[in-house]
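Okay, here's what each chain looks like letter by letter:
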Amino acid sequence: MKLNLQNVGLGITAGLPVQFPHDTRPQIVFSGRSNVGKSSLINTLLGRKSLARVSSAPGKTITVNFYDIDKKLWFVDIPGYGYAKRAPQDKKRWSELTDRFLRSDCEHRLILQLIDMKVGPTEDDYMMLEWLEASEVPYCIVATKCDKLNKTDFSHNRIELEKLGRVIPFSSLKGIGRDEVWGLIHDFLGER
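Residues numbered from 1 in each chain as written. Predicted model: local features only at pLDDT ≥ 70, side-chain atom pairs only at ≥ 80, totals over all residues. Heavy atoms only, no water.

**Concerning the overall build of the protein**
A count of helices and strands for the protein gives five helices and seven strands. Shown N-terminal to C-terminal, the secondary structure of the protein runs as helices and strands in the order β-β-α-β-β-α-β-α-β-α-β-α. For the protein, the proportion of contacts with a sequence separation of at least 24, taken over those separated by at least 6, is 72%. Of the roughly 10200 Å² that the protein leaves accessible, carbon and sulfur atoms contribute 50%. (Helix = DSSP H or I, 4+ residues; strand = E, 2+ residues; numbered from the N terminus. Contact = heavy atoms within 4.5 Å. Areas by Shrake-Rupley, 256 points an atom, 1.4 Å probe, with all protein chains shown as cover.)

**Here we look at the nonpolar core**
Core analysis: the largest hydrophobic core is formed by 27 residues, its most contacted members being Ile28, Phe75 and Leu112. Listed by contribution, the elements that provide at least two residues to this core are strand 2 (27–32), helix 1 (38–46), strand 3 (64–69), strand 4 (73–77), strand 5 (109–116), strand 6 (139–144) and helix 5 (178–188). Broken down by element, the residue count for this core peaks at five residues, all from helix 5. Discounting chain neighbours no more than four positions away, the residues touching leucine 112 are Ile28, Val29, Phe30, Ser31, Leu41, Cys140, Val142, Val181 and Leu184. (Core = buried A, V, L, I, M, F, W, Y, C linked by side-chain atoms within 4.5 Å. Buried < 20%, exposed > 50% of the residue type's maximum accessible area, 1.4 Å probe, protein only.)

**Here we look at the packing of aromatic side chains**
Throughout the structure, instances matching the rule amount to six aromatic pairs. A ring pair is formed by phenylalanine 66 and tryptophan 74, whose centres lie 5.7 Å apart and whose planes are at 80 degrees; its orientation type is edge-to-face. Classification of phenylalanine 66 as buried rests on a relative accessible area of 0%. The class of tryptophan 74 is buried, set by a relative accessible area of 4%. Above the face of the tryptophan 74 ring, arginine 25 is positioned so that its terminal group lies 4.0 Å from the ring centre. (Phe/Tyr/Trp six-rings, centres within 6.5 Å; stacked < 30°, edge-to-face > 60°. Lys NZ or Arg CZ within 6 Å of the ring centre and 35° of its normal.)

Dropping the structure here:
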């Protein structure tokens, strides 16, 4: 599947499950705690600066955002979990929306599970990884902000993360891991 990365845009902003697209396009889903770098990863992969809104404050993504990639693929940014400073009823609503999305029918879905390489996996990350294993959804860990560690910490943290699954170190600032993530996506789409 050849993709024209000049033909991308925000396709659907879903605040309710009824707004999820009902087509057969493959989905690449960006999951992780608030402020882990999902929007930065999307922008880096697409060679854009601000297609996906990047915020310095966690908890800004409150909808499931479907980015249309050349009418052939969806990049899906789901709300981050963790420490968003929002009312409990808002957090519950977002959690339910995310859960409904993850349980929705899609025959071709890959989850990119983002974990901050410097912080390491949180309790919420472990719960998400357990759910991914139990549901048998294909996934890969993308270890964000890898440029913020020295060589010793980088090596140690990578080894620890690799105990949880396949890991791709990534830095939006330096472009580290961009080609490897695209390689994973192309392999998932059956292009290699």
